[in-house]
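Per-entry structural report
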Amino acid sequence: MDIMHERVAGLDVHKAIIVACVRLIVGGSITRECRTFDTTTAGLLALLAWLTESGCTHVAMEATGVYWKPVWNILSDGKFELIVANAAHIKNVPGRKTDVNDATWIADLVACGLIKASFVPEEEIQELRSLLRTRKQLTREQTSHVQRIQKTLEEANIKLDSVISDIMGLSGRKMIEAMIAGLRNPAKLAELADRRIKASPKVLYDALHGRMTDHHCFLLRLHLGQYDALSTSIEMIDRQVDAAITKMDEEVAAGQATFRALILLLCTIPGIGPLAATVILSEIGRDMSRFPTAGHLLAWAGMCPGQNESAGKRKSSRLRKGAPWLKTLLVQCAWAATRKKDSYYKAQFNRLRGRRGPKKAICAVAASMLTAIYHMLKDGTEHQDLGADHFDRRSTDVKANRLVAQLTKLGFQVQLQPLSQAA
């Protein structure tokens with residue numbers, strides 16, 4: 001196998017130690033040296049000095065949890081190309097696994113140019129990504145506490161969630177806080193409902209007529225306090241995100257679009273709001289030159305089905321995990337986009353849902369949205385909806401062939417002739 005790089009190193013990263021293997025070609029012969037370093041700052045600085053002294057041009061390591069991040073932050077100051085690889089792509093031969101063998105294997109792979117570098121954004125984007133991922137986790141915890149409040153109310157035979165869509169809204173909060181304060185009269189609780197609630201007073205009375213005890217009040221007070229504390233934390237994260245975006249916009253080079261301008265640009269896509277646009281930019285970055293084509297971005301995000309073919313037969317293959325934080329958000333945005341009238345995404349979803357099912361159809365819509373995002377960020381163009389009649393405006397031959405294929409599946413033999421010749 002051809003040698004692409006003569007002075008390389010492979011790192012096997014763990015929580016407490018790093019096993020490094022430097023692979024050099026000296027006088028036509030290959031020499032390898034392995035050393036073990038601590039993952040403390042002093043140990044990482046010693047590793048950086050050794051790699052620099054050895055004259056390495058490429059250093060590779062696998063992404064192991066969060067342990068690679070401090071290694072990346074320190075070694076990125078070195079005068080070599082630092083590569084983070086997907087652990088699944090550089091797996092060693094089974095039965096020969098040791099730390100030294102793993103580091104040696106990584107060094108051999110990078111010397112032959114067989115390691116594909118993973119996408120690692122710049123530091124400010126990484127910080128923004130960490131903030132927004134934490135925000136999503138806190139939002140999930142909030143949802144869990146809302147579900148616990150619903151469970152407590154159900155134990156007390158209070159059917160509040162059956163008559164109010166959001167029990168943490170204005171009316172729901174008033175009623176729950178009144179229950180915690182000791183109010184038990186269902187008629188007075190029903191009077192706290194906003195006039196815009198569709199449920200009648202009789203329905204509200206029946207839903208609020210239960211058996212609330214001091215035990216239930218204690219649990220409601222506990223979960224409501226946790227919910228409010230998480231709301232405060234989310235507001236703090238929002239302020240920190242806003243400050244980080246302001247700082248990035250102040251440092252943007254002349255002639256380049258600011259981060260806020262890119263957020264507004266992505267908001268022109270149906271189903272994407274300011275928060276979703278900020279999360280998308282934090283996950284994929286602003287520079288699309290890292291991805292040669294839109295297909296590379298789709299593959300990285302896990303929006304492309306895998307290939308599973310054997311003996312000339314193609315078997316079913318599910319989507320890869322890819323970027324789970326980005327994929328789940330894109331699917332949520334896709335569901336919102338399909339609800340817009342006279343939009344291409346709604347037409348695409350309805351077209352695919354009949355023969356592929358709703359899950360695959362919504363993933364296809366999410367992939368189309370990510371493709372549009374790629375070209376918008378790369379070319380700086382605004383989103384242009386193709387319209388709900390896009391598939392009806394396609395080539396006549398394409399539509400005719402599709403209809404003929406459908407009739408053939410039904411057992412009919414079809415021969416097409418133009419109207420002029422048929423006459």
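Overview of the structure. Quantities reported herein were computed from a predicted structural model and do not represent experimental measurements. (Residues numbered from 1 in each chain as written. Predicted model: local features only at pLDDT ≥ 70, side-chain atom pairs only at ≥ 80, totals over all residues. Heavy atoms only, no water.)

**Examining the overall build of the protein chain**
Definition in use: Helix and strand assignments come from DSSP, with helices taken as H or I runs of at least 4 residues and strands as E runs of at least 2, each series counted from the N terminus. The size measure is the radius of gyration over C-alpha atoms, and the globule rule it meets is 2.2 Å times the number of residues to the 0.38 power. Under the scheme applied here, a residue whose accessible area is under 20% of the maximum for its type counts as buried, over 50% as exposed, and between as partly exposed, the area being computed with a 1.4 Å probe on protein chains only. Whether two residues are in contact is decided by their heavy atoms: any pair within 4.5 Å suffices. Accessible surface area values rest on a Shrake-Rupley calculation with a 1.4 Å probe, where residue burial reflects the displayed protein chains alone. This count recognises Lys and Arg as positive and Asp and Glu as negative, with His and chain-terminal groups excluded. The atom standing in for a charge is NZ when the residue is Lys, CZ when it is Arg, CG when it is Asp and CD when it is Glu.
Each helix and strand counted, the protein chain has 17 helices and seven strands in total. Relative to the globule expectation of 22 Å for 423 residues, the C-alpha radius of gyration of the protein chain, 29 Å, shows a markedly less compact shape. Buried positions account for 40% of the 423 residues belonging to the protein chain. Long-range contacts, defined as pairs at least 24 residues apart, comprise 60% of the intrachain contacts of the protein chain with a sequence gap of at least 6. Here the protein chain has roughly 24,800 Å² of accessible surface; of this, 52% comes from carbon and sulfur atoms. Counting 57 positive and 43 negative side-chain charges, the protein chain places the centres of these two groups 9 Å from one another.

**Focus on the environment of T268**
The criterion, for reference: Polar contacts here mean pairs of N or O atoms no more than 3.5 Å apart (in protein, one a potential hydrogen donor and the other a potential acceptor; neighbouring residues in sequence count only if both atoms are side-chain atoms).
Structurally, T268 can be placed in the loop between α10 (259-266) and α11 (274-284). The exposure class assigned to T268 is partly exposed, which follows from its relative accessible area of 36%. Through-space distance from the C-alpha of T268 to that of H383 is 6.0 Å; in sequence the pair is 115 residues apart. Leaving out residues up to four positions away in the same chain, T268 has contacts with M376 and H383. In terms of polar contacts, T268 uses its side chain to reach the backbone carbonyl oxygen of L265, at 2.5 Å.

**A short note on a negative patch on the surface**
Heads up, the condition is: Like charges are joined within 9 Å and nonpolar side chains (Val, Leu, Ile, Met, Phe, Trp, Tyr) within 5 Å, but only among residues with over 30% relative accessible area and no salt bridge; these make up the patches. Here, a salt bridge means any side-chain nitrogen of Lys or Arg that lies within 4 Å of a carboxyl oxygen of Asp or Glu.
On the surface, E123, E124, E127, E250 and E251 cluster together into a negatively charged patch. Among the elements that line the negative patch, the one with the most residues is helix α4 (residues 123-155), at three residues. You can call E250 exposed: its relative accessible area is 65%.

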